[in-house]
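Here's the letter readout for the chains.
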Amino acid sequence: MTDLLKTSLNRRTVLQAATVGAVGVSPALRALVHAQGSDAPEKKEVKIGFIPLTDCASVVMASVLGFDKKYGVTIIPTKEASWAGVRDKLVNGELDFAHVLYGLVYGVHMGTAGPKKDMAVLMSLNNNGQAITLSKALADKGAVDGPSLAKFMAANKREYTFAGTFPTGTHAMWMHYWLAAAGINPLSGAKLITVPPPQMVANMRVGNMDGFCVGEPWNHRAIMDGIGVTANTTQDIWKDHPEKVLGTSADFVKKNPNTTRAVMMAVLEASQWIDASLSNKMKMAETVAQKSYINTSVDAINQRILGRYQNGMGKTWDDPNHMKFFNDGAVNFPYLSDGMWFLTQHKRWGLIKSHPDYLAVAKEINQVDLYKSVASAMKINVPKDPMRTAKLMDGVVWDGKDPAKYAASFKIKA
């Protein structure tokens, strides 16, 4: 019997054996799957939406490598055209789960990103691995980073257009933060537009924007195509920052607890697999580059996934803070402070008018206890504290202790 077949033994059979006294099955796993009285996933087939980005990889590989079957479900990865489409399909139930922007989930829960619906962040899918791209035309005139861009814009007055991928999403917040850190007011000093990730390069090629923030491989693709340069990576803005999450509606978790756990386990195992070796990363790049997923060349993906960066202006470097999918469990824990940070930025830029109860909202959305139970069953490390501290590129420290004060403390804000 092959190793894959061995690991794909019917999960329910194994767990039923455990209930009648078989040894070798973790008591934590037994308790986890029987918490609802039955270990069987309520839905055997689940649709998980994704956008063509490198960080959809753990969802795709969970399906391709058969980790989903191991836990009694079949994942159908569903390629979506835009984050607005992902939002709508999560809200109306066409999608069961999604590879989704952290800030999009919070925006839907708060009603600031379209229809209001109670949402759930099950786990983080990746840290790092996005970037700010400036047009080659700007770079050729000396605007190659935040300070030089601010200087150029001050000397050459016109409307400057920058793109994110969704109004409350991660890329929009990184772009706002980066511009503001350089002294550029993203609300009054620039025009911010929304463009789906796979359309970024084409829009820059025809001159629709001066810069964009997006996930890979589209920043590297802009360099390969000779139309853009990397001004900063998002890990330059915030080392090990939160990015995409496995998201769903709160209703789905309540109605399908076993399905939710099974999907989390499959995606966690895929996350472990990706980060386990360079050869696994290369295999992942070859897989997700295919037409049914990202639809680009493998060489647009496989360099930055290994931390091999170039900026399109002659500089190359090895970045230890490249995109991570697991990092011994540090990536996947749904820190309350991560969700709260996006809320502070939504408040900073006027997307929400008054200070919410930041911690209470994060506790509603981020399924910390559920994640802990799944991680425990899989013997994955879990941090002791659901809050974490980071110093961002402007030297300002975020620790989640006084989010209202933090949100109000910035000189440049709405």
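Residues numbered from 1 in each chain as written. Predicted model: local features only at pLDDT ≥ 70, side-chain atom pairs only at ≥ 80, totals over all residues. Heavy atoms only, no water.

*Asks:* Help me out: how do you make sense of the overall build of the protein in this one?
*Replies:* Regarding its fold elements, the protein presents 20 helices and 14 strands. Taking 414 residues into account, the globule formula puts the C-alpha radius of gyration at 22 Å, and the protein, at 21 Å, falls close to it. Reported as C-alpha extents along the three principal axes, the dimensions of the protein are approximately 75 × 45 × 35 Å. Here the protein, with 414 residues, has 59% of them falling under the buried criterion. Considering only intrachain contacts with a sequence separation of at least 6, the fraction spanning at least 24 residues in the protein is 77%. Carbon and sulfur atoms form 52% of the exposed surface of the protein, whose accessible area is close to 15800 Å². (Helix = DSSP H or I, 4+ residues; strand = E, 2+ residues; numbered from the N terminus. Rg over C-alpha atoms; globule rule 2.2 N^0.38 Å. Buried < 20%, exposed > 50% of the residue type's maximum accessible area, 1.4 Å probe, protein only. Contact = heavy atoms within 4.5 Å. Areas by Shrake-Rupley, 256 points an atom, 1.4 Å probe, with all protein chains shown as cover.)

*Asks:* Help me understand the side chain of Lys 281, please; the structure alone is not making it clear to me.
*Replies:* With respect to the element layout, Lys 281 can be found in helix H16 (residues 278-288). Given the relative accessible area of 8%, Lys 281 is considered buried.

*Asks:* Where do I start with helix H18 (residues 358-365) in this structure?
*Replies:* Structurally, the α-helix is built with 3.6 residues per turn, so residues lying three or four positions apart point the same way. Inspection of H18 places Tyr 358, Val 361, Ala 362 and Ile 365 among the buried residues, and these make up the whole buried set. Down the axis of H18, the buried side of the element spans an arc of 100°, and every buried residue falls inside it. Those residues of H18 that are buried are in contact with helix H7 (102-110), strand E4 (119-124), helix H17 (336-348) and helix H20 (403-408). (Arc of directions from axis to C-beta.)

*Asks:* Looking at this structure, I do not really get the pattern of salt bridges. What am I missing?
*Replies:* Any two side chains of opposite charge can pair, so long as their charged atoms come close to each other. According to the stated counting rule, one finds 15 salt bridges in the structure shown. Linking Arg 87 and Asp 88 is a salt bridge whose minimum nitrogen-to-oxygen distance equals 2.9 Å. For Arg 87, a relative accessible area of 16% puts it in the buried group. The class for Asp 88 is partly exposed, based on a relative accessible area of 34%. With a closest N to O distance of 2.9 Å, Lys 244 and Glu 243 form a salt bridge. What makes Lys 244 buried here is its relative accessible area of 0%. (Salt bridge = Lys/Arg side-chain N within 4 Å of Asp/Glu carboxyl O.)

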